[in-house]
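Coordinates in review
So the chains spell out like this:
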Amino acid sequence: MAQLRAFAEGSRQAGRRLGLVPTMGALHAGHLQLVAAAAAACDDVVASIFVNPTQFNNADDLRLYPRLPEQDTALLAGAGCTALFMPGVEEVYPQPTVLRFDFGPLERVMEGAHRPGHFNGVATVVSKLFHMARPHAAYFGQKDFQQVAIVRQLIADLSFDLELVVAPTIREADGLAMSSRNRRLSPEARAVAPLIYQVLQTAAQQVRQGVPPAQVQAQALAALAAEPQFTPEYVEVADAQTLQPLAGYEAGRAVVLCVAAHLGGVRLIDNVVVE
Ligand code: AMP
């Protein structure tokens, strides 16, 4: 942590623009586009790789989370990253944290509702990283739509002086959103995984046609459940700003469709926004 502070301080003193890209590693093209975007707009790019235990509510998910430090280090060097922060758990958490974050309605839905404590862990580690690196800009992916909303609120509520940059979701050729957890899918599970995006696209089409949210939700859940390997956890048709479930549509307000589903012991999430 002292090293990160020293690097960031040196960068600032030299008048350089510093970008921060927080990750949990097992990097893929979704992560690397964040690094590339940061490299294009900043003089220094700090990437962090930290599988943050406080944001996991499932011990197996934490234990089985892919860890590929050597491969990640090589990928980052090639993507324009100038400094890598890969701390151990004791370095980030020398003592258990007492402070608890509560984001109100923003976290009472979707990931926050289904993964108790998840966004407290996210807000804790993101705050620590922001304090240590004091970046001019921080880069996050739309893939974790609710996380972006939480981080935006965190930045506003705690007056972090930085620009939040949100990059689009990068997908495999068959539509599956790239995710470190995809590495854990069996070939059979991987073969049906693109159904999530297909269901989202159908739902987006229905939203554009004005099909009522409850009907869109029910049909999407049924389409996922029709594939025996899938156990859907939720499908939400929500206001893209407040993340609250919609009873109907309002002109000029973007809609976000969010899915979480279990597939062969792996929990996957995805979303699309309908403007
Ligand atoms: P993670 O390592 O999964 O915690 O992700 C680190 C950052 O990369 C987060 O801001 C994610 O939203 C972003 N990210 C992960 N997967 C993708 C993807 N497929 N497309 C775009 N951004 C992504």
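Residues numbered from 1 in each chain as written. Predicted model: local features only at pLDDT ≥ 70, side-chain atom pairs only at ≥ 80, totals over all residues. Heavy atoms only, no water.

1. Things to note about the site of the ligand
The following threshold applies: Near is defined per residue: the residue qualifies when any heavy atom it owns lies within 4 Å of the molecule or strand. Polar contact is defined as a pair of N or O atoms within 3.5 Å, subject to the rule that within protein one atom must be able to donate a hydrogen and the other to accept it, and that residues adjacent in sequence are counted only when both atoms are side-chain atoms. Per-residue and other accessible areas were derived by the Shrake-Rupley procedure at a 1.4 Å probe size, with only the shown protein chains allowed to occlude residues. Runs of H or I in DSSP of at least four residues are treated as helices and runs of E of at least two as strands, each being numbered from the N terminus. Charged means Asp, Glu, Lys or Arg here, nonpolar means Ala, Val, Leu, Ile, Met, Phe, Trp, Tyr, Cys or Pro, and polar covers whatever is left, Gly included.
In the region of the ligand, 18 residues are neighbours, and M24, H31, D144, I170 and M178 sit closest. One of the side-chain nitrogen or oxygen atoms of H31 is found 2.9 Å away from an oxygen atom of the ligand. At a separation of 2.8 Å, a nitrogen atom of the ligand approaches a polar backbone atom of M178. For the ligand, whose free accessible area comes to 480 Å², the fraction covered by protein is 93%. Where the shell around the ligand is concerned, the elements lending two or more residues are β1 (18-23), α2 (29-41) and β4 (137-141). The dominant element in the shell around the ligand, judged by the number of residues it contributes, is α2, at 4 residues. Grouping the constituent residues of the shell around the ligand by class yields 8 nonpolar, 8 polar and 2 charged.

2. Structural notes on the domain arrangement of the chain
Let me state the cut-off plainly: All domain edges in this entry derive from an automatic or database-based domain assignment. Buried surface area refers to the total accessible area, computed with a probe of radius 1.4 Å, that the two partners give up upon joining, counted for both partners together. One side-chain nitrogen of Lys or Arg within 4 Å of one carboxyl oxygen of Asp or Glu is enough to make a salt bridge.
Partitioning the chain into domains gives domain 1 (2-167) and domain 2 (180-274). A straight line from the C-alpha centre of domain 1 to that of domain 2 covers 25 Å. Buried area between domain 1 and domain 2, summed over both chains or domains, comes out near 1,900 Å², and the portion from carbon and sulfur atoms is 55%. The interface formed by domain 1 and domain 2 holds 3 salt bridges in total. With a shortest N-O distance of 2.8 Å, R267 and E111 are connected by a salt bridge. Connecting domain 1 to domain 2 are 10 residue pairs in polar contact (both at pLDDT 80 or more). Those elements giving two or more residues to the side of domain 1 that touches domain 2 turn out to be α3 (59-64), α6 (110-114) and α8 (145-157). Across the side of domain 1 that touches domain 2, the residue classes tally to 13 nonpolar, 7 polar and 5 charged.

3. Considering helix α7 (residues 118-133)
What counts, and what does not: Helix span, as expected, comes to 1.5 Å for every residue beyond the first. Each residue is placed in one exposure class: buried if its accessible area under a 1.4 Å probe, protein chains only, is under 20% of its type's maximum, exposed if it is over 50%, and partly exposed if it falls in between.
Its 16 residues give α7 an end-to-end C-alpha distance of 23 Å, which sits within 8% of 22 Å, the value for a rise of 1.5 Å per residue. Along α7, 14 of the 16 residues are buried, which leaves the element largely enclosed by surrounding structure.

4. Let's talk about the side chain of Q55
Note the threshold: By definition, residues are in contact when any of their heavy atoms lie within 4.5 Å.
By the element assignment, Q55 lies in the loop between β2 (44-49) and α3. Beyond its immediate stretch of four places on either side in the chain, Q55 contacts M24, R115, H118, G121, V122 and V125.

5. Description of the sheet that holds strand β6 (residues 230-239)
Put simply, the rule reads: Paired strands, in this sense, are two strands between which DSSP finds at least two bridges. Structural elements are reduced to axes, namely lines fitted to C-alpha atoms, with helices fitted over the stretch in contact, and the angle between N-to-C directions of any two is expressed from 0 to 180 degrees.
Read from one edge to the other, the open sheet built from 3 strands follows the order β6-β7-β8, with strand pairing classed as antiparallel. Only two strands of the sheet have a single neighbouring strand rather than two, namely β6 and β8 (266-274). Between one strand and the next, the sheet's axes are offset by a mean angle of 15°, whatever the strand orientation. As judged from the 9 bridges shared by strand β7 (residues 255-263) and β8, these two strands associate in the antiparallel manner. Among the inter-strand pairings, V256 is bridged to a residue of β8, identified as V273.

6. Quick word on unusual backbone geometry
Positive phi outside glycine occurs at M110, with the angle close to 45°. Tracing the backbone shows M110 in helix α6. Its identity as a non-glycine residue notwithstanding, R134 has a phi of 40°, on the positive side. Looking at where R134 falls in the secondary structure, it is placed in the loop between α7 and β4.

7. Quick look at the side chain of E236
Relative to the helices and strands, E236 is located in strand β6. If we ignore the near neighbours within four places in the chain, the residues touching E236 are M110, Q217, P245, V256, L257 and C258.

8. A few points about the sheet that holds strand β3 (residues 83-85)
Here 5 strands make up an open sheet; going across it, the order is β3-β2-β1-β4-β5 and the pairing parallel. A strand with exactly one partner marks an edge of an open sheet, and here the two such strands are β3 and β5 (163-167). Direction aside, the axes of adjacent strands within the sheet are offset by 25° on average. Sheet analysis places β4 next to β5, joined by 5 bridges and oriented parallel. Note on β5: the bridge partner recorded for Y139 is V165. Packing against the sheet, α2 makes contact with β1, β2, β4 and β5, and its axis sits at approximately 155° to β4.

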